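Descriptive analysis of the structure
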Amino acid sequence: MKLWTAGFTLTVPLAILIVGAGESGKSATPAAERKMAPAFRLADASGRMVTLADYRGKVVALNFWATECGGCRQEIPAFIQMEDALQSQGLAVVGVSLDIMYENLRNAGEAWGRVRPFVQEHRINYPILMGDDAVPRVYNIESMPATLLIDKKGRVAASWIGVVIRKSEVEPEIRMLLRE
């Protein structure tokens, strides 16, 4: 996994750290203890502005990633499979590219120039949004990949900092949230 800090890239061992959901294998934060996910308004590949509120009533797997992040690349196939398997049951996988900040690109156009071909090459079947400077700050994203599970009411139920490459690690939590 790569850790970005103050413009430097550090390589750290791949590990899964569950934040806000207890230790690995434990369930999501109880509903009464969940906090609202920060709102965002970000552009998709067509330039349409998308908000987190647009997904209210769905369980959202919100994944922060970048094209040059090795761990991000490893976990994308699992998110593609989850989108295929659970979209009809109310799951929305949403990717937020942080290429513009973490790859030191000049603007969103340059970032989309990297992200669009990557999305096509990897046949990503879920929406990709372009992150801005505020998103990593309000979501407290200090390393990537990072994934949050957001319940139907817009509250953070669980979060992972690091690689989530096995559906079996997140799918039980997603299914539980879909039943709520």
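In what follows, the structure referred to is the one given above.
A short tour of the structure in this document, coming up.

Calculation rules
Residues numbered from 1 in each chain as written. Predicted model: local features only at pLDDT ≥ 70, side-chain atom pairs only at ≥ 80, totals over all residues. Heavy atoms only, no water. Helix = DSSP H or I, 4+ residues; strand = E, 2+ residues; numbered from the N terminus. Buried < 20%, exposed > 50% of the residue type's maximum accessible area, 1.4 Å probe, protein only. Contact = heavy atoms within 4.5 Å. 1 Å grid on protein atoms, 1.4 Å probe; cavity = no way out; pocket = protein on both sides within 12 Å on 5 of 7 lines; lining within 4 Å. Points joined across faces, edges and corners; volume = space filled by probe spheres on them. Nonpolar A, V, L, I, M, F, W, Y, C, P; charged D, E, K, R; others polar. Salt bridge = Lys/Arg side-chain N within 4 Å of Asp/Glu carboxyl O. Disulfide = S-S within 2.5 Å. Pairing = 2+ DSSP bridges. Right-handed = clockwise from strand over helix to strand, strands pointing away.

1. A short note on the environment of Leu42
If you trace the backbone, Leu42 turns up in strand β5 (residues 41-44). Residue Leu42 is classed as buried on the basis of its relative accessible area of 2%. As a C-alpha pair, Leu42 and Asp132 span 90 residues in sequence and 7.5 Å in three-dimensional space. Residue contacts for Leu42: discarding those within four places in its chain leaves Arg48, Met49, Val50, Val96, Leu129, Met130, Gly131, Asp132 and Val135.

2. Here's the deal with the side chain of Arg155
Residue placement: Arg155 occurs in strand β12 (residues 155-162). By relative accessible area, which is 16% here, Arg155 ends up buried. In contact with Arg155, other than residues within four places in its own chain, are Ala31, Arg34, Lys35, Met36, Ala37, Leu149 and Ile150.

3. Focus: empty space enclosed by the protein
If you walk through the whole model with that rule in mind, you get one cavity of 30 Å³ or more. Looking at the largest cavity, its volume works out to about 30 Å³. Around the largest cavity sit Leu52, Tyr55, Arg56, Lys58, Val60, Ile150, Asp151, Lys152 and Gly154, which together line it. Of the residues in the lining of the largest cavity, the class split is four nonpolar, one polar and four charged.

4. A few points about the environment of Ala157
Considering the arrangement of structural elements, one finds Ala157 in strand β12. Each C-alpha atom of the pair Ala157 and Ile174 lies 9.5 Å from the other, and the pair is 17 residues apart in sequence.

5. Overview of unusual backbone geometry
In this structure, Pro145 follows Met144 across a cis peptide bond, with omega equal to -5°. If you trace the backbone, Pro145 turns up in the loop between β10 (143-144) and β11 (146-150). Its identity as a non-glycine residue notwithstanding, Arg123 has a phi of 50°, on the positive side. For Arg123, the location among the structural elements is in the loop between α3 (108-121) and β9 (128-130).

6. A closer look at the pattern of salt bridges
Per the counting criterion, the structure on display carries five salt bridges. Ionic pairing is found between Arg34 and Asp151, a salt bridge with its closest N-O pair at 2.9 Å. Of the two residues, Arg34 sits in the loop between β3 (16-19) and β4 (35-36) while Asp151 sits in the loop between β11 and β12, which places them 117 residues apart along the sequence. Residue classification places Arg34 among the buried positions, given a relative accessible area of 8%. Of the charged contacts in the structure, one is a salt bridge between Arg175 and Glu171, with a shortest N-O distance of 2.8 Å. On the criterion of helical spacing, the pair formed by Arg175 and Glu171 is a turn pair, its members being four residues apart in helix α5 (residues 167-179).

7. Quick word on the state of the cysteines
Counted by the stated rule, this structure contains one disulfide. Bridging Cys69 to Cys72, the disulfide has an S-S length of 2.4 Å. One disulfide, between Cys69 and Cys72, carries an S-S torsion of 75° and so falls in the right-handed class. The same class applies to Cys69 and to Cys72, which are both buried.

8. Structural notes on the pairing of strand β7 (residues 59-65)
Summarising burial for β7: seven of the seven residues are buried, a large majority. Along β7, one buried face is formed by Val59, Ala61, Asn63 and Trp65 and the opposite face, lined by Val60, Leu62 and Phe64, is buried too. In the sheet, β7 pairs with strand β8 (residues 91-97) via seven bridges, with the strands oriented parallel. Looking at β8, one finds that Leu62 is bridged to Val94. In this region the chain leaves β7, passes through helix α1 (residues 70-86) and returns to the parallel neighbour β8; the handedness of that crossover is right-handed. Of the pairings in the sheet, the one linking β7 to β11 comprises five bridges and is antiparallel in character. Paired with Leu62 across the strands is Leu148, a residue of β11.

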